[in-house]
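Tertiary structure, described
Chain by chain, the residues run as shown.
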Amino acid sequence: GPKVLQIPSHQIIDMGQMVTLNCDPVSNHLYFYWYKQILGQQMEFLVNFYNGKVMEKSKLFKDQFSVERPDGSYFTLKIQPTALEDSAVYFCASSPTGQGYEQYFGPGTRLTVL
Amino acid sequence: QQQVRQSPQSLTVWEGETAILNCSYEDSTFDYFPWYWQFPRESPALLIAIRPVSNKKEDGRFTIFFNKREKKLSLHITDSQPGDSATYFCAASDQGGRALIFGTGTTVSVSP
């Protein structure tokens, strides 16, 4: 099936530092998403992105979070500064069109904030 | 308030039995209900999905039964196999391109 790639697979940083998580969505997909999963819990929606803009975001998408996809390159999630509670696995997803309900998930980036 | 609920939290069945996973939702505007399965340390993968125009969706050994009036759905796994052991998430959305709201998951263990 369609493949979403995420880099890096694991990131360890100190609290207060900045981190950028990278996502390479499926090539013909137009909608992009970030979800957060704490160990043993469900995925929780953070934000979605279409046509260069944030379409909707949840309460989990704090002011320290930002997303962008400059010039069709990686879709990124930046956290600046990081906090201990940001430790989680972050999944990127993408879907093909405005009618594309099907969201395909990447392998995730495990973020550990010390 | 949890918008998508799942039960049971965990379920153990013998190989060959039918596993039944339940899901309910709050928002009547939801019109797309995918089930994802997730193996440990892997990403969730789309398993099967249904829209309210149907009350049943079948794909091999996996069947979704949908009751719009009661805002409930269930996933039936017939002839369960050890390889079906995973955590199953029910999710819901109200529009293409919008957030998926996930339930808390049901962890299924299939014993040989």
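Reference entry: report on the structure contained in this document. Note on numbering: residues in each chain are counted from 1, in written sequence order. A letter from A marks each chain and a number from 1 marks each ligand, given out in the order of writing. Whole-chain, interface and lining totals are the exception, using all residues; otherwise, since this is a predicted model, local features are given only for residues with pLDDT of at least 70 and side-chain atom pairs are given and counted only at 80 or more. Think of the side-chain values as coming from all heavy atoms in the structure, minus any hydrogens and water.

So, on to the overall build of chain B. Secondary structure elements are taken from DSSP: a helix is a run of H or I of four residues or more, a strand is a run of E of two residues or more, and numbering for both begins at the N terminus. Helix and strand counts for chain B come out as zero helices and 11 strands. Going residue by residue from the N terminus, the α and β elements of chain B occur as β-β-β-β-β-β-β-β-β-β-β. In terms of overall dimensions, chain B is globule-like: its C-alpha atoms have a radius of gyration of 13 Å, near the 13 Å expected for 112 residues. Viewed in the frame of its principal axes, chain B has a C-alpha envelope of about 40 × 30 × 25 Å. For the radius of gyration, the atoms used are the C-alpha atoms, and the globule rule reads 2.2 Å times the number of residues raised to 0.38.

Contact criterion: two residues are considered in contact whenever any of their non-hydrogen atoms come within 4.5 Å of each other. Contact with chain A, which involves 21 residues of that partner, is made by 22 residues of chain B. Here chain A packs against chain B, burying approximately 1700 Å² in sum over the two surfaces, 56% of which is carbon and sulfur. When the buried area of chain A at its contact with chain B is split by residue, Gln42(A), Met43(A) and Tyr101(A) rank highest and sum to 40% of it. We define a salt bridge as a contact between a side-chain nitrogen of Lys or Arg and a carboxyl oxygen of Asp or Glu at a distance within 4 Å. Here chain A is connected to chain B by one salt bridge. Between Glu56(A) and Arg98(B) there is a salt bridge whose closest N-O contact spans 3.6 Å. In the analysis that follows, any N or O atom pair within 3.5 Å is treated as a polar contact, provided that within protein one partner can donate a hydrogen and the other can accept it, and provided that, for residues neighboring in sequence, both atoms belong to side chains. Scanning the region where chain A abuts chain B turns up six residue pairs in polar contact (both at pLDDT 80 or more). Here the buried area means the combined drop in accessible surface, using a 1.4 Å probe, for two parts upon being joined, counting both sides.

This next bit is on the state of the cysteines. Any two cysteine sulfur atoms within 2.5 Å of one another count as a disulfide. Tallied over the full model, the rule gives two disulfides over all chains. Cys23(A) shares a disulfide with Cys92(A); S-S distance 1.9 Å. Residues Cys23(A) and Cys92(A) share a disulfide whose torsion about the S-S bond is about -65°; that sign makes it left-handed. A residue pair is termed long-range when its members are at least 10 positions apart, and Cys23(A) in strand S3 (residues 19-24) and Cys92(A) in strand S9 (residues 88-95) qualify at 69 residues. Judged by its relative accessible area of 0%, Cys23(A) is buried. In this model, Cys23(B) is linked to Cys90(B) through a disulfide, with the two sulfur atoms separated by 2.0 Å. As the torsion about the S-S bond is roughly -70°, the Cys23(B)-Cys90(B) disulfide counts as left-handed. In this pair, Cys23(B) sits in strand S3 (residues 19-25) while Cys90(B) sits in strand S9 (residues 86-92), placing the two residues 67 residues apart along the sequence. The buried category is assigned to Cys90(B), whose relative accessible area is 1%. Partly exposed describes any residue whose relative accessible area lies between the buried limit of under 20% and the exposed limit of over 50%, with all areas from a 1.4 Å probe on protein chains only and scaled to the type maximum.

Here we come to the side chain of Asn22(A). Residue and element names in this part refer to chain A. Along the chain, the position of Asn22 falls in strand S3. Residue classification places Asn22 among the buried positions, given a relative accessible area of 19%. Those residues in contact with Asn22, other than ones at most four positions away along the chain, are Leu5, Gln6, Ile7, Trp34, Tyr74, Phe75 and Thr76.

Residues and elements named next belong to chain A. Assignment of secondary structure puts Glu44 in strand S5 (residues 43-50). For Glu44, a relative accessible area of 32% translates into the label partly exposed. Along the backbone, Glu44 and Pro96 are 52 residues apart, and their C-alpha atoms lie at a distance of 21 Å. Setting aside residues no more than four positions away along its own chain, Glu44 makes contact with Trp34, Tyr35, Lys36 and Leu60.

Moving on, we get to the pattern of salt bridges. Across all of its chains, the model carries eight salt bridges over all chains by this definition. Its salt-bridge partner being Glu26(B), residue Arg5(B) comes within 2.4 Å of it at the nearest N-O pair. Taken together, the residues span a long stretch of sequence, with Arg5(B) in strand S1 (residues 4-7) and Glu26(B) in the loop between S3 and strand S4 (33-38) at a distance of 21 residues. Among the ionic pairs, Lys72(B) bridges to Glu70(B), the shortest N-O distance being 3.9 Å. Judged by its relative accessible area of 45%, Lys72(B) is partly exposed. On the basis of relative accessibility, which here comes to 38%, the residue Glu70(B) falls in the partly exposed class. Overlapping salt bridges, with partners in common, bring together Glu56(A), Asp94(B) and Arg98(B) in one network.

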